[in-house]
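Topology and contacts: notes
Next come the chains, spelled out residue by residue.
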Amino acid sequence: MTMEKKIDKKKLPQHIAIIMDGNGRWAQKHAFGRIIGHQKGTEAVRDIVRASCELGIKYLTLYAFSVENWIRPTQEVNALMLLLERYLRSELNEMLERDIRLVTIGNRSALPERINKSLKEVMEKTSHNRGMVLNLALSYSGRDEILRGINTLLTDMRLSKLPSEPITAEVFLSYLDTAALPDPDLLIRTSGEYRLSNFLLWQTAYTEFYFTEILWPDFGRDDLLEAIINYQQRERRFGLTSDQLPKVAPG
Ligand code: IPE
Ligand code: IPE
Ligand code: MG
């Protein structure tokens, strides 16, 4: 049986988030410079976006660049920005063809002007697409997102734009970058690291985690399918007992 056949199309994760890690180690393993690793990583992004879209995943969030990544060597940061710009330019047509809508989370004001210009263009041109939402986390960190949200909330409070205290979870999450997105059902991290690295701290409260040793440039369609198959074997209880969960009709 092919991998694809093992997937229950009715139980697909609605939102998959991926910490794409291991480009540097992939490069080292093949005796290349780190930047080649990032280049290969971009190719893996292409494959995984395609595969997710074909499977019918509704939201795909990719951790592409963290707030902490800014302090990497300037040459590496510049190369990553250049790759991002090229990616945006080369993928626009495919996004339009595949009905993919591009959105971002993270502190966009920290990104170079050129990137923001390309992002704006691609986001505008894909804004009516409804097939899949591709969400890029750029200059993103969970703590930074929460703090930016709280500061905007405080400003709104001072301007009396908020009706009443106390702040509810619904009001709070409307101030997060992910306000328009459901929480991730499945979070994948490649390269054998078992940590969140400041990714989606609030949103992963009940996310299922999947870790793999595979380095990001080697992560392909079948690896994604394997992660989904693994996810589908789990029971998500959300604090309840097994008996309390709605019974799924057989077949
Ligand atoms: C992930 O690969 C890409 C980014 C963080 C931008 P890394 O560059 O972190 O690769 P490793 O962890 O050094 O192998
Ligand atoms: C997490 O990877 C960030 C991205 C994948 C963009 P890192 O390589 O930056 O994480 P740490 O430093 O190993 O925790
Ligand atoms: Mg890393």
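Use the structure listed above.
Quick look at the structure, then. (Residues numbered from 1 in each chain as written. Chains lettered and ligands numbered in written order. Predicted model: local features only at pLDDT ≥ 70, side-chain atom pairs only at ≥ 80, totals over all residues. Heavy atoms only, no water.)

**Focus: the site of ligand 1**
Worth spelling out the cut-off: Near residues are defined by distance, with any heavy atom within 4 Å of the molecule or strand qualifying the residue. Within 3.5 Å is the distance limit for a polar contact, defined as a pair of N or O atoms, with the added protein rule that one can donate a hydrogen and the other accept it, and that residues adjacent in sequence qualify only through two side-chain atoms. Only the protein chains shown count as cover for residues, with accessible areas throughout obtained via the Shrake-Rupley method and a probe of 1.4 Å. Residues are said to line a cavity or pocket when one of their atoms sits within 4 Å of a point; the points come from a 1 Å grid over protein atoms alone, cavities being sets where a 1.4 Å probe fits but cannot get out and pockets being open sets with protein on both sides within 12 Å along at least five of seven lines. To qualify as sitting in a cavity or pocket, a molecule needs more than half of its atoms within 2 Å of the grid points. Think of it this way: any DSSP run of H or I at least four residues long counts as a helix, any run of E at least two long counts as a strand, and we number them from the N terminus. Note on residue classes: Ala, Val, Leu, Ile, Met, Phe, Trp, Tyr, Cys and Pro are nonpolar, Asp, Glu, Lys and Arg are charged, and everything else, Gly too, is polar.
In the neighbourhood of ligand 1, the contacting residues comprise Met20, Asp21, Gly22, Asn23, Gly24, Arg25, Arg34, His38, Ala64, Asn69, Arg72 and Leu80. Backbone polar atom of Gly22 to an oxygen atom of ligand 1: 3.4 Å apart, as the coordinates give it. Within the backbone of Asn23, a nitrogen or oxygen atom sits 3.1 Å from an oxygen atom of ligand 1. Look at ligand 1: alone it shows 380 Å² of surface, and the protein chains cover 86% of it. With respect to the pocket detection grid, ligand 1 is positioned in the largest pocket. A per-element tally of the shell around ligand 1 places helix H1 (residues 23–29) first, with three residues. In terms of residue class, the shell around ligand 1 is made up of three nonpolar, five polar and four charged.

**Regarding the site of ligand 2**
The environment of ligand 2 is made up of Ile19, Met20, Asp21, Tyr63, Ala64, Phe65, Asn69, Arg72, Arg189, Arg195 and Ser197. Interatomic distance of 3.0 Å between a side-chain N/O atom of Asn69 and an oxygen atom of ligand 2. Arg189 places a side-chain nitrogen or oxygen 3.3 Å from an oxygen atom of ligand 2. For ligand 2, whose unbound accessible area comes to 390 Å², protein coverage reaches 78%. Taken atom by atom, the bulk of ligand 2 overlaps the largest pocket. The biggest single contributor to the shell around ligand 2 is strand S2 (residues 59–66), with three residues.

None of this, on its own, says anything about what the molecule does.
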